[in-house]
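Structural overview for review
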Amino acid sequence: MTTAPSTAPDEATKPPAPVPAKSARAGLRPLVLRLHFYAGVLVAPFLLVAALTGLLYAASFQAEKIVYDHELTVPVGDRELPVSEQVAAAREAHPEGTVSAVRPSPRADATTRVMLSGTPGVDPGHTLAVFVDPYTAEVRGALEQYGSTGALPLRTWIDEFHRDLHLGEPGRLYSEFAASWLWVIAGGGLVLWFSRRRALRRIRGAGGRRRTLALHGGVGVWAAAGLIFLSATGLTWSTYAGANIGELRASLGQETPSVSAEAAGEHAGHDAAGGASGDAAHGVGLDKVLSAARAEGLGDPVEIVPPADEGSAYVVRQIQRSWPEKQDSVAVDPASGEVTDVLRFDDYPVLAKLTRWGIDLHTGNLFGLVNQIALMALALTLILLILWGYRMWWQRGRGSAFGRPVPRGVWQQVPPYVLVPLLAAIAVLGYFVPLLGIPLAAFLAVDVVLGEVAHRRGRRTYGGDPAAR
């Protein structure tokens, strides 16, 4: 008969080995994975629309030059006529409305634009641009124009489609929603990609979902900076986040300045209105005003804005949005032709300059054709990332299920010293970017409710394996 060996006292009383506490990094990754998954699935349709319409918009600059070549270009002549004669020719052809601005020919082969506001049949927020040959004063056509970049009907239609789907102010919520979440999705993808083992990132020899994941993640890493930039700059002129950004800039004294348009002198305006009602001839006239602006160093392209009333001055401003930007402006007294105020782009506050550059880069103006090609490539990349993301969702399914989500409850794995500051930061960010904060709060509420329902039915799961992504 054999007896079992006795257990040593120190072994019998030895406590079990403690379970190592999870690091903040290990706890955050499942949380980021769940957020990236659901945000990608739910926000992707809005991003897909924004990417497709953004692709069209980036291409519209070159298309506009082809479609409206007759209105935009002229044969180069020997001598340009005075601007006042060109405006007179435009007014003779189109006496309706009032002259709101004049853009003299910026190049030897370009027409002069005379913008008319209050024209019957033209959208109140737009102007009618009359195109005049600067050498012969021939009117080569008239087209509806929108915005500071002078978008003509083709680009205007695509621009509004990208911005609000032609639904007006309510439609702008879609683009702001997409911009509010794009940086979150891109940033989350970066965190997930760099937290994976290098071996899992290989594409060669991989197949199925692993290959799709490698393509989605690898391309997304290269495109992330561009996507985050588009998100940030898109929010600067959105409805709600844009207003909050504007208030923040104002509180910091970083608003975009404007030249003072008050006419100088005690009798300013008494002799200013020298032209017929609705034209641009006030006081000394357009030609002397333009000469005064040239003397202050305002080179082409420029825009001349007539006085708004008897107490106002002409405003001449540079409108070049390509690099290097020309945004200087001057005010010219209509009675004397003297410059009363000068504003240089060099004197803009830092945030005003950054906003200007960011918007122009976002819209494809800053670096011309190269900028537009880069935007088209970025839009195509975003489209591919979305399609790969949905394909991964399909490939992740089991049985007849169309995809399966990351198990809920992963937030419980995040250490409190990380989770509490993170929630506070999200709350502040959600306040300034409401179309991020409100949907995120709704998602968390629904997720908690569904989790409790699953728990009561005995089907609640937590965490899951982060590496199973």
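Everything in this summary refers to the structure shown in the same document. (Residues numbered from 1 in each chain as written. Predicted model: local features only at pLDDT ≥ 70, side-chain atom pairs only at ≥ 80, totals over all residues. Heavy atoms only, no water.)

1. Remarks on the overall build of the protein
Regarding its fold elements, the protein presents 13 helices and 8 strands. By residue count, 45% of the 469 residues in the protein fall in the buried class. Taking the contacts inside the protein whose residues are at least 6 apart along the sequence as the reference set, 63% of them involve residues at least 24 apart. (Helix = DSSP H or I, 4+ residues; strand = E, 2+ residues; numbered from the N terminus. Buried < 20%, exposed > 50% of the residue type's maximum accessible area, 1.4 Å probe, protein only. Contact = heavy atoms within 4.5 Å.)

2. Quick look at a nonpolar patch on the surface
A cluster of nonpolar side chains, Leu248, Leu252, Val350, Leu351 and Leu354, forms an exposed patch at the surface whose accessible area comes to about 450 Å². If you tally residues by element for the nonpolar patch, the top one is helix 10 (residues 350-362), at 3 residues. With respect to the secondary-structure elements, Leu354 resides in helix 10. (Patch = residues over 30% accessible without salt bridge, like charges linked within 9 Å, V, L, I, M, F, W, Y side chains within 5 Å. Areas by Shrake-Rupley, 256 points an atom, 1.4 Å probe, with all protein chains shown as cover. Salt bridge = Lys/Arg side-chain N within 4 Å of Asp/Glu carboxyl O.)

3. Side note on the pairing of strand 5 (residues 302-305)
Alternating residues of strand 5 divide into Val302 and Ile304 and Glu303 and Val305, and every residue in both groups is buried. Pairing of strand 5 with strand 6 (residues 314-318) involves 4 bridges; the strand directions are antiparallel. Opposite Ile304, over in strand 6, you have Val316 as the bridge partner. (Pairing = 2+ DSSP bridges.)

4. Topic: the side chain of Glu71
Mapped onto the elements of the fold, Glu71 is located in helix 3 (residues 69-72). Of the buried charged residues, Glu71 lacks a salt bridge, with Arg140 as the closest side chain of opposite charge at 7.4 Å. Beyond its immediate chain neighbours, meaning those up to four positions away, Glu71 contacts Thr111, Phe131, Arg140, Gly141 and Leu143. (Lys, Arg positive; Asp, Glu negative; His and termini not counted.)

5. With respect to the nonpolar core
Formed by 32 residues in total, the largest nonpolar core has its most connected members in Val43, Leu47, Trp181, Leu227 and Leu382. Not counting residues up to four positions away in its chain, the partners in contact with Leu382 are Leu47, Ala51, Leu182 and Leu227. Val83, Leu128, Leu298 and Val316 belong to the second largest nonpolar core, which has 24 residues in total. (Core = buried A, V, L, I, M, F, W, Y, C linked by side-chain atoms within 4.5 Å.)

6. With respect to unusual backbone geometry
With an omega of -5°, the peptide bond between Asp300 and Pro301 qualifies as cis. In this fold, Pro301 is placed in the loop between helix 9 (286-295) and strand 5. The omega torsion across Trp323 and Pro324 is -5°, close enough to zero to call that bond cis. Note that Pro324 resides in the loop between strand 6 and strand 7 (329-332).

7. Considerations on helix 10
Each α-helix turn comprises 3.6 residues. Residues three or four places apart therefore point the same way. Compared with an ideal rise of 1.5 Å per residue, which puts 13 residues at 18 Å, helix 10 spans 18 Å between its outermost C-alpha atoms and is within 8% of the ideal. Structurally, helix 10 contributes buried residues whose contacts are with helix 7 (208-235), helix 8 (240-251) and helix 11 (368-395). Gly364 occupies a position one or two residues after helix 10 and carries a positive phi of about 85°. (Expected span 1.5 Å × (residues − 1).)

8. Observations concerning the pattern of salt bridges
Within the structure shown, the criterion is met by 12 salt bridges. For Arg344, the salt bridge is made with Asp328, and the minimal N-O distance between the two is 3.3 Å. You can see Arg344 sitting in the loop between strand 8 (339-343) and helix 10 and its partner Asp328 sitting in the loop between strand 6 and strand 7, a full 16 residues away along the chain. Between Arg356 and Asp360 there is a salt bridge, with its nearest N and O atoms 3.1 Å apart.

9. Points about the packing of helix 7 against helix 10
Closest axis-to-axis distance for the helix 7/helix 10 pair is 9 Å, and the angle between their directions is 120°. Note on packing geometry: the crossing formed by helix 7 with helix 10 is left-handed. Across the interface between the two elements, Phe229, Leu230, Thr233 and Gly234 from helix 7 touch Gly358, Leu361 and His362 from helix 10. (Axes fitted to C-alpha atoms, helices over the stretch in contact; angles between N-to-C directions. Left-handed = near helix turned anticlockwise from the far one by under 90°.)

10. Examining the side chain of Gln86
Topologically, Gln86 is positioned in helix 4 (residues 83-93). Accessibility expressed as a relative area gives 2% for Gln86, which makes it buried. Here the side chain of Gln86 touches Thr112 through a polar contact of 2.5 Å, side chain to side chain. Leaving out residues up to four positions away in the same chain, Gln86 has contacts with Leu81, Thr112, Val132 and Pro134. (Polar contact = N/O pair within 3.5 Å; in protein donor to acceptor, adjacent residues only side chain to side chain.)

11. Concerning the packing of aromatic side chains
In this structure the tally under the stated criterion is 11 aromatic pairs. Seen in terms of ring centroids, Phe37 and Tyr38 are 5.1 Å apart; in terms of plane orientation they differ by 80°. Their pairing is edge-to-face. Of the two residues, Phe37 and Tyr38, both sit in the buried class. Taken together, Trp323, Phe345, Tyr348, Trp357 and Phe367 form an aromatic cluster joined through their ring pairs. (Phe/Tyr/Trp six-rings, centres within 6.5 Å; stacked < 30°, edge-to-face > 60°.)

12. Quick word on the pairing of strand 6
With 4 of 5 residues buried, strand 6 lies mostly within the body of the structure. With 4 bridges joining them, strand 6 and strand 7 adopt antiparallel strand pairing. Residue pairing across strands places Val315 opposite Ala331, the latter belonging to strand 7.

13. Regarding the packing of helix 6 (residues 172-194) against helix 7
Here helix 6 crosses helix 7 at 140°, and the two axes come no closer than 8 Å. With respect to each other, helix 6 and helix 7 are oriented oblique. Viewed along their axes, helix 6 and helix 7 form a crossing whose handedness is left-handed. Judged by residue contacts, Glu176, Ala179, Ser180, Leu182, Trp183, Ala186, Gly187, Leu190, Trp193 and Phe194 of helix 6 engage Leu213, Ala214, Gly217, Gly218, Val221, Ala224, Leu227, Ile228, Ser231 and Leu235 from helix 7. Taken together, the residues of the contact of helix 6 with helix 7 break down into 14 nonpolar, 5 polar and 1 charged. (Parallel < 35°, antiparallel > 145°, perpendicular 65-115°, else oblique. Nonpolar A, V, L, I, M, F, W, Y, C, P; charged D, E, K, R; others polar.)

The analysis is restricted to geometry; functional conclusions fall outside its scope.
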